[in-house]
Structure formats: C-alpha cells, structure tokens
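# Working through the structure, step by step
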Amino acid sequence: MPLITLTTDFGTKDHFVGAVKGAIFSELSDAKIVDITHEISPFNITETAYILKNSYKSFPDKTIHIIGVDSELSADNKHIAVELDNHFFVCPDNGIISMIASEIKPSKIVEINIHDRIESSFPVLDVFVQVACFIARGGNLTVIGKEVKEFKKLVEIQPKVNQAKNQIIGGVVYIDNYGNVISNISQKMFQEIGKGRRFKASARRYSFTKIFTKYNQVAGNNAHDNIQYDGSKLAIFNAAGYLEIAIYRSNSDTVGGASTLLGLGYRDSITLNFINDSQLDFTPLT
Amino acid sequence: MPLITLTTDFGTKDHFVGAVKGAIFSELSDAKIVDITHEISPFNITETAYILKNSYKSFPDKTIHIIGVDSELSADNKHIAVELDNHFFVCPDNGIISMIASEIKPSKIVEINIHDRIESSFPVLDVFVQVACFIARGGNLTVIGKEVKEFKKLVEIQPKVNQAKNQIIGGVVYIDNYGNVISNISQKMFQEIGKGRRFKASARRYSFTKIFTKYNQVAGNNAHDNIQYDGSKLAIFNAAGYLEIAIYRSNSDTVGGASTLLGLGYRDSITLNFINDSQLDFTPLT
Amino acid sequence: MPLITLTTDFGTKDHFVGAVKGAIFSELSDAKIVDITHEISPFNITETAYILKNSYKSFPDKTIHIIGVDSELSADNKHIAVELDNHFFVCPDNGIISMIASEIKPSKIVEINIHDRIESSFPVLDVFVQVACFIARGGNLTVIGKEVKEFKKLVEIQPKVNQAKNQIIGGVVYIDNYGNVISNISQKMFQEIGKGRRFKASARRYSFTKIFTKYNQVAGNNAHDNIQYDGSKLAIFNAAGYLEIAIYRSNSDTVGGASTLLGLGYRDSITLNFINDSQLDFTPLT
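The shown structure was predicted, so the numbers you read here are calculated from the model rather than taken from an experiment. (Residues numbered from 1 in each chain as written. Chains lettered and ligands numbered in written order. Predicted model: local features only at pLDDT ≥ 70, side-chain atom pairs only at ≥ 80, totals over all residues. Heavy atoms only, no water.)

### Details of the interface of chain C and chain B
For clarity, the threshold we go by: Contacts are assigned to residue pairs with any non-hydrogen atoms lying within 4.5 Å of each other. Buried area: the sum, over both parts, of the accessible surface (1.4 Å probe) that disappears when the two are put together. Here a polar contact is recorded for every N or O atom pair within 3.5 Å, except that within protein the pair must consist of a potential hydrogen donor and a potential acceptor, and residues adjacent in sequence are included only if both atoms are side-chain atoms. Secondary structure elements follow DSSP: runs of H or I no shorter than four residues count as helices, runs of E no shorter than two count as strands, and numbering proceeds from the N terminus. In this classification, Asp, Glu, Lys and Arg are treated as charged, Ala, Val, Leu, Ile, Met, Phe, Trp, Tyr, Cys and Pro as nonpolar, and every other residue, Gly included, as polar.
Taken together, the contacts link 34 residues of chain C with 32 residues of chain B. Roughly 2,700 Å² of surface becomes buried between chain C and chain B when both sides are summed, with 53% attributable to carbon and sulfur atoms. Counting across the chain C and chain B interface gives 16 residue pairs in polar contact (both at pLDDT 80 or more). For the side of chain C that touches chain B, the secondary-structure elements that each account for two or more residues are β2 (32-37), α2 (45-53) and β9 (167-175) of chain C. The dominant element in the side of chain C that touches chain B, judged by the number of residues it contributes, is β2(C), at five residues. Per-class residue counts for the side of chain C that touches chain B are 14 nonpolar, 13 polar and seven charged.

### A look at the sheet that holds strand β4 (residues 79-84) of chain B
Strand pairing in a sheet is mediated by backbone hydrogen bonds. Such pairs are either parallel or antiparallel. Residues and elements named next belong to chain B. Put simply, the rule reads: Two strands are counted as paired when DSSP detects at least two bridges linking them. Helix axes are fitted to C-alpha atoms over the stretch in contact, other axes to C-alpha atoms as well, and angles between N-to-C directions run from 0 to 180 degrees.
A sheet is described by the order of its strands in space; here seven strands give the open sequence β2-β1-β3-β5-β4-β6-β7, paired in mixed fashion. Of all the strands in the sheet, just β2 (32-37) and β7 (145-147) have a single pairing partner and so form its edges. Here the strands of the sheet are splayed against their neighbours by 25° on average, with no regard to which way each runs. Across five bridges, the pairing between strand β1 (residues 3-8) and β2 is parallel. Each bridged residue has a counterpart across the sheet, and for T5 the counterpart in β2 is V34.

### Focus on the domain arrangement of chain A
Residue and element names in this part refer to chain A. The criterion, for reference: Marked domain ranges trace back to an automatic or database domain assignment.
Entries for chain A in the domain assignment read domain 1 (3-155) and domain 2 (159-279). For domain 1 versus domain 2, the separation of C-alpha centres amounts to 33 Å. With six residues of domain 1 at the interface, the matching set in domain 2 holds seven residues. At the boundary of domain 1 with domain 2, total buried surface from both sides reaches about 580 Å², with 62% on carbon and sulfur atoms. In terms of surface lost to domain 2, no three residues of domain 1 exceed T46, Y50 and N54, which account for 67% of the buried area on that side.

### As for the relation of the copies chain A and chain C
What counts, and what does not: Here the copies were fitted onto each other by least squares, based on C-alpha atoms from residues at pLDDT of at least 70 in both.
In screw terms, the move from chain A to chain C is a rotation of 120° and a rise of 0.0 Å along the axis, fitting with an RMSD of 0.0 Å. Both copies are brought into coincidence by an operation consistent with a three-fold rotation axis.

### Quick look at the packing of helix α1 (residues 16-27) of chain B against helix α4 (residues 123-136) of chain B
All names here are of chain B. The condition that has to hold: By definition, any crossing whose near helix is turned counterclockwise from its far helix by less than a right angle is left-handed, and any crossing with a clockwise turn is right-handed.
Where α1 meets α4, the closest approach of the two axes is 10 Å, and the angle between their N-to-C directions is 40°. The handedness of the crossing between α1 and α4 comes out as right-handed. When α1 is examined against α4, the residues A19, V20, A23, I24 and E27 are found in contact with a partner set consisting of V124, L125, V129, Q130 and C133. Looking at the contact of α1 with α4 residue by residue, the classes come out as eight nonpolar, one polar and one charged.

### Describing unusual backbone geometry
To be explicit about the condition: Partly exposed residues are those whose accessible area sits between 20% and 50% of the maximum for their type, while under 20% is buried and over 50% is exposed, using a 1.4 Å probe and protein chains only.
Positive phi, normally seen in glycine, also occurs at B:D85, with a value near 55°. Mapping B:D85 onto the fold places it in the loop between β4 and β5 (87-92). Judged by its relative accessible area of 31%, B:D85 falls in the partly exposed class. Of note, C:R267 is a non-glycine position whose phi angle comes to about 80°, a positive value. Summarising the element assignment, C:R267 is placed in the loop between α7 (258-261) and β15 (269-275). Residue classification places C:R267 among the exposed residues on the basis of a relative accessible area of 55%.

Printed below as a string of structure tokens:
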C-alpha cells in the first residue's frame, strides 16, 4: 500500500488534521499516513516548497503527497494531481509544483474535475483525500482529471550573478528550527561561479571566508574541546546543499539562533564575492 | 483492527504521548493510532468538544477515541466508556460526551470499574489504554464497567433568540490556527430563524451583511485578482457549519487573524439582527 | 516488525522529521514509527533523558529508539548502538545512555563504524536510520559497529543528602506542559532518608508539609467541590515517581503554571527538611 504524506498549514491543534486522517482511513483502512509538517506559515508557498523538496525524495517511489496550503478552489487556483520523479502530488495549481522540482519535468499533470460531484468548503478533506486514495488504489490520473500540459510557474527568487562573474547575491529563503538562516545559494552554483577562487560571504555586517560542510568543523582540530565553540557563528553548506548561516549549537528559544543574533530574516540578502588572486587592489579578508 | 485516536492536553514535548502510544503497542502490536490533537488548552473541555465533534465523524465506524483532558479520577469525575454514533469514547465523565454529541443518544454507557486492579496517577496510560485495547479486541463494555443510564450534562452555551425572533445572540467558542473566530451560531439556526430575511451580523464594531460559504467569495467575480482581497474581513459559514469571522488569507503569526485584528476572543458575543422588509424604521445596512 | 521511535530536537516544522520517516519507509516498507517528541530544546541532553527514561519502558521489548539530539559525529561524539533493558538505542555517545538508565547495565554497546561508507552532514537521516532498520531486520549489532565496553558517563545532577541525614537538597530537572516543576528527588529517596519523619519541602519562599500522590488530593474530602481548589499550589510525587511542585489544574498559557507563578526554573533548588519528633527547637510547620 503506498504511503500518503500530508503537508499543510493547518497547525496541530484544530480538528483539520484529524478529520483528514479519519477520512483517509475511511477510504483505505490499511493506509499509511506520514505527517511531513502542519506548521507551514499560513498560505506560505515558499516555505511549503522548501520543506517538500527537501523531504519528498526520502520517501519510496509512488508515495502520494497531499499539499494543503492555500488550496481553496477558484478560477485562478485549480486543483491538480501531478506525477513527477515517480512521486504523486495532489495540490492546488498555485506555483508550488514548479518550486518543488524546478529541474524535473512532470510526467503527467491533470486538472482535477471531480468537484461537480463534491460540494466542499474544505477541499483537502473532500477532494484531495478522494484523489489521493484513488491514486493509492492504483487509479489512473486521467479518470479524476483532464490532462493538461501547463501548470503555474512560480520560480523561487534565484540568486543573481553579476556580469564579471565574481559576485553572487542571494537571499534568505528559510529560517529553521535552530534559528539557522538558509539562503538560495546552492553549493553547485558556488562551485560553478567560484571555480575554486577565494571568497568572502557577507550577510549584514558579518562575513565569512570559510564555508564548512559539518557544523563542528568550526572547532577545527579541537574536537575534544568543541563546547568552547558553542555560540560561534559559521557558514555551512547544509545537508540540503544550500549556503546557511548558523550559530554553533544555538538554541533559538534561549540564547537565540543566527536569525535573531545576526538580525537576518526572510528575504534578506546574502552576498558572495570572489577574489582573483591577480587582483591588485586586493583587500585582505577579515 | 480498529483505529484508536488520541485527544489530549498533554502537549507534544513531554513523555506522556510517547508513553501512551508505547503502552497501546504493548497491548496491541498491530494497533493503528491517530493523533487528533495534543494541543488542547489544559483542562479545557469546550475546546476538546469543538475539536472532537468536528473530527470524529470522519473516522470509520468502531473507531475508539481516547480523551485525556482533565481525566484524574475522583468521586466527581468518574471514568466512562461510551458507544455513540457507532464510535467508542473512553473519557472522564466531565460533560464532554454531552457536548460532543448533543443530538445523538449514546447506545451504551458504562462507568469503568477496573480501577481496583490498577493503582494509577496517570489514568490515560494505565486505565484508558487498557479499556481502549479491550474494546479494540472486541470486548464488551459491560465487562470493564457497570452500565449506567446517565452521564454528566454540560451543554455548550447556546445562542439566544429573542421573543420577536429577529435577533440571535451567540458567542465565540473557538479561535482556529488562522486566528479565525468561530461562533456557536449554526447555519441551520440562521436559516430557521432568519427565514431568508436580510440581516446584519455584528461583532464588536464590525458588521457584515453577507455570509459566504467559501473564503474566496470575498473577491466576488474578481477571481484572477483575489490577492487584492488578502486581509479583508469576512463572515462565513465554515466547513463545520458555524458562523465564523475571518480575515481573508490571514496569518495570525504576522499580520494577525480576525481574533487579534478585530479584538475578538473566546466567549465574546456575535449578534445577528434580521430585518423585515416591511419595517418602516429600516436603517440602511452598511 | 519492531517499532522504531524518534526523539529529536528537530521541531515539527522543518523537513527533517519527514525526511527521516521517508528514509525509514524506503528501507522498511512495513515499519511502525512512533514520535516520542521532536520538541527537545536544541542540544539539551538532560531533557532528552528525562523524556526517554519516562517513556521507553511503555514500549514493547525490542523497540528501537533513535535519538537525534546533538548527534553530529566528531572525535568526541561517536555514534553508538546500545542494547539495554531489552530495548535498542541508536544515539550519539554524549552521555545520554547513562542518564536514561543509570541503574541498568547495557547488555551490549557498539561504536557504529559504517561512516566510511556514508558521507553525511545529517547523521540521523543517513546513519541512524540505516542502523535502526538493520536492527529491525534482526541484524546483529556487531556487524555495524565495534563492540566497546565503555560509554560516556554523564550522570544527572543528583540530590545531596547532608551528613545528619535530615536534609535533601534537590534541583529542578524539567518543566512540563502544564508548567509543573519536576525535581530530581525520587519518592524512593524520600522514603529511605525520611523514614516516615515529618518534613517540610521548600522551593523559594513556598513550603509544603504534605506530598500527594494524586493532584485532586489537594481538595481533601471535598471531591464534589474541587473546582474551588483550582490554582492551589501543591507538592506531589508524580506518575514518574519524582517530587513535583504543581498548581492544581493550571494552564501555563493563561494563568500560568507552578514554574511561572512560583518563579521556579530549571536547576533551581528544592529542599526537604526532616524533623525528629524529639527535636526541642521544633518550629511549627506552616
């Protein structure tokens, strides 16, 4: 039996999540349901995309992902079911598909058209559950929707590279549970533009000349004494492959994380400057 | 294997929920456990009732619902197991059953009497789990309790209708994850009292002359431009069938929801005034 | 199929928990995963230990517990898999094992050595999931690690008993969802040192001469009127067996719990003084 995951902005207090799970079990008594999150900031598609694109690939092929964020049906916000990268997504056509998988072409998209049979002001419960369970039972997408070729494009804001190819200006796309500040600059872009040159990463009045791949590299070789480094600021390519500004072992509830301590918020800019060794006017990195 | 749901005020940080789930799996290795919520405000029976009555019906028949809110055993707070609407509820007899299903008569109620065998200061873990697993294995309620005819009545505060039948005064019963303000005035009552008359719904200094059934109806026919309506206040009969005051696509964490923006809290009053077209002293609705 | 539990400081918003669950299901399609909590304060080992030691025993034998708190691999923070009390724990060797089960000797400990095959900056996802699924399939610990005899000892701060054996000075180790303040003084220690003597328990400027075993004992015989006691402060040996200072039916979100109302925080001291009936300078208990 395929897995069904849930990603919503419902929160975990209201009856919404319970009702949706109950409806799935009423349709499919042996369903396996996994919560990805219900803590999406209300109506926030960028957050939804960040969380989903970093989690969906861990699931087995054929997993069905229900996305309940800003899903009220309207002329401008159709419901779609998408097969992409061997996963299924049941979601509003609000741009989220293009943000989840900008590099992967969906193999099939249908505009869900079972609404005439279902009067609903709670589409995740009444429509998405039906569609997901239909797919879980092996149903073909074209039975519950009309195949379409297009879906709404809403590309996440991309970092900008200057003409001289010595500067990348990115932005903060997510603040995680530890208060770590995650940018849209990928390790891949860093390598392609940087080509091994020295660099300085800057965010507000802070700068970094090293980017780690593990947090405890901030302690260098002092592995047995790394508690001394608690609270140090650092730049890292995180497990998802993005440039992140972090505070070593930070607790955002108490001392604060990078977000609060460095004053970095959603959409603030993070800049990478690369230095050619031949540059005469070279300013020492600090 | 029947489902077992959990609705508690335990929160999700402490060991309570984990311990309860472990105990269920120790009894029933193939149990299916679904969290309805653990975020009930401590000891709040009204909230518990609102959440349960809007979610339990989505679950398959024979689902067993454990309710762990204010469940410490006392002379005044017995433990009961109830069969109602083809579902089972294991809970304290603190009025919650009457609030969940005011219109549905339980088909069986027993006062749980296995406490002499179990010394416990954590009754959900030690008593409710035993009872729920016993029911899940097909056990008869009368084996674990003494059948009783009465249970504690605690009817949710009901809206008041004036003698002239042109006014309903209701109250706020719940604030949801989006900050939406939910009243105890049902669509059914609105139709029975209003009989199609024009009306004005008032909450504090705000008033509404339309009640929508979908949030995006606030945008009228401007479906392709409805982002302009973000932040508009509106009245709606929500998916649960109750009059709700909402802010279109509000984010209660940032801009605020109806609750904070309009200053509406739990138990505040919401009034519906109906207008006879023949009324001479008719004041234009604004 | 054995159960796998998760205890982390990941929070429930980020993609971390979803990714880990997806990875488990990719390895073991019939896995049963139970969240103990993801709300551990970042990097807080004491909290992790309190929550785990009070929940793991409820689970069936052979349950596998993944602990994802401060788990980045370093020379000083190896990864271990432990068989203890018929349960398995997959965790960093950061002292947590000694705090979970100070009185129970592990029957086997291995230092996980599969890291050469796995390059990872997200060890819970990449390493712990592999190890847990390997154990779930019946694999022997020695295949994925080198047996070791030692693990890091980090004993929770223990209460101190004075030489005259008439005083115990303990400390606050946890604040629960209700704002209740939990100390490290066990009922067992109280009985062994107190030997039935009268006592006074003191925390800040509050003192208690009774310690209950159920919260509603604060109402004495007035069971039918115990709403009058809402908000009373009381001392109790909680279900986990520790001395706890509580406010009867407190709501830490509104009126506040014992923690906020009495000004008691993590590591604050709680003192028990025992009184010999023969003492001449006996000060009346108030």
